[in-house]
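Fold and contact review
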Amino acid sequence: MQGKIYVIVTIPMIEQEFDMYIPTAKKVGAIKNLMIQIVEEQSDFNFVDDGCKRLYDKITGDEINDNEFVKFSKIKNGSRLILY
């Protein structure tokens, strides 16, 4: 897929993982909001956004800056992320 990368997103609060393709030309904050919407719907709203969710690299534990574009962030194809 041109302009998209594959990531695995772990949601500790509901103990689930989601495979997603995300666009590289968007900001991390916009992608995070889309991830939250998808997870809310897929979990039958067991996971609800409280406005304080953050995205982390699962390997390093580093928080990923919402203002960076995905293509310039630490997110790469195959990255494992945590939405917490």
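To keep things clear, this report deals only with the structure shown in the data block. (Residues numbered from 1 in each chain as written. Predicted model: local features only at pLDDT ≥ 70, side-chain atom pairs only at ≥ 80, totals over all residues. Heavy atoms only, no water.)

Considering the overall build of the protein chain
For clarity, the threshold we go by: In this text, helices come from DSSP runs of H or I with a minimum length of four residues, and strands from runs of E with a minimum of two, each type numbered from the N-terminal end. As a reference, a globule follows 2.2 Å times the number of residues to the power 0.38, and the radius of gyration itself is taken over C-alpha atoms. Relative accessibility decides the category of a residue: with a 1.4 Å probe and only protein chains considered, values under 20% of the type maximum give buried, values over 50% give exposed, and everything between is partly exposed.
Helix and strand counts for the protein chain stand at 1 helix and 4 strands. Overall, the protein chain shows an N-to-C arrangement of helices and strands of β-β-α-β-β. For the protein chain, whose C-alpha radius of gyration is 12 Å, the value lies close to the compact-globule estimate of 12 Å for 84 residues. Along the three orthogonal principal directions, the C-alpha set of the protein chain runs to about 30 × 25 × 20 Å. Residue burial in the protein chain is summarised as follows: out of 84 residues, 37% are buried.

A look at the environment of Gly 51
Within the secondary structure, Gly 51 is located in the loop between helix 1 (28-42) and strand 3 (55-57). Remark: the alpha-carbon pair of Gly 51 and Asn 33, spanning 18 residues in sequence, is separated by 9.5 Å.

Focus on helix 1
What counts here: The span expected for a helix works out to 1.5 Å for each residue beyond the first. In this description, contact between two residues means that some pair of their heavy atoms is separated by no more than 4.5 Å.
Between its first and last C-alpha atoms helix 1 spans 21 Å; for 15 residues at 1.5 Å apiece the expected length is 21 Å, and the two agree. For helix 1, the set of buried residues is Val 28, Gly 29, Ile 31, Lys 32, Met 35, Ile 36, Val 39 and Glu 40. Looking at the packing, one finds that the buried side of helix 1 touches strand 1 (4-11), strand 2 (16-23), strand 3 and strand 4 (79-83). Residue Asp 44 follows helix 1 closely and has a positive phi angle near 55°.

As for the nonpolar core
For the record, the criterion: Grouping buried Ala, Val, Leu, Ile, Met, Phe, Trp, Tyr and Cys residues that are joined through side-chain atoms within 4.5 Å yields what is termed a nonpolar core.
Ranked by internal contacts, the top residues of the largest apolar core, which has 20 residues, are Val 7, Ile 22, Met 35 and Ile 75. Elements represented by at least two residues in this core include exactly strand 1, strand 2, helix 1 and strand 4. In terms of residue count, the dominant contributor to this core is helix 1 (5 residues). Contact partners of Ile 22, with chain neighbours within four places excluded, come to Gly 3, Lys 4, Ile 5, Val 7, Ile 31, Met 35, Val 70 and Ile 75.

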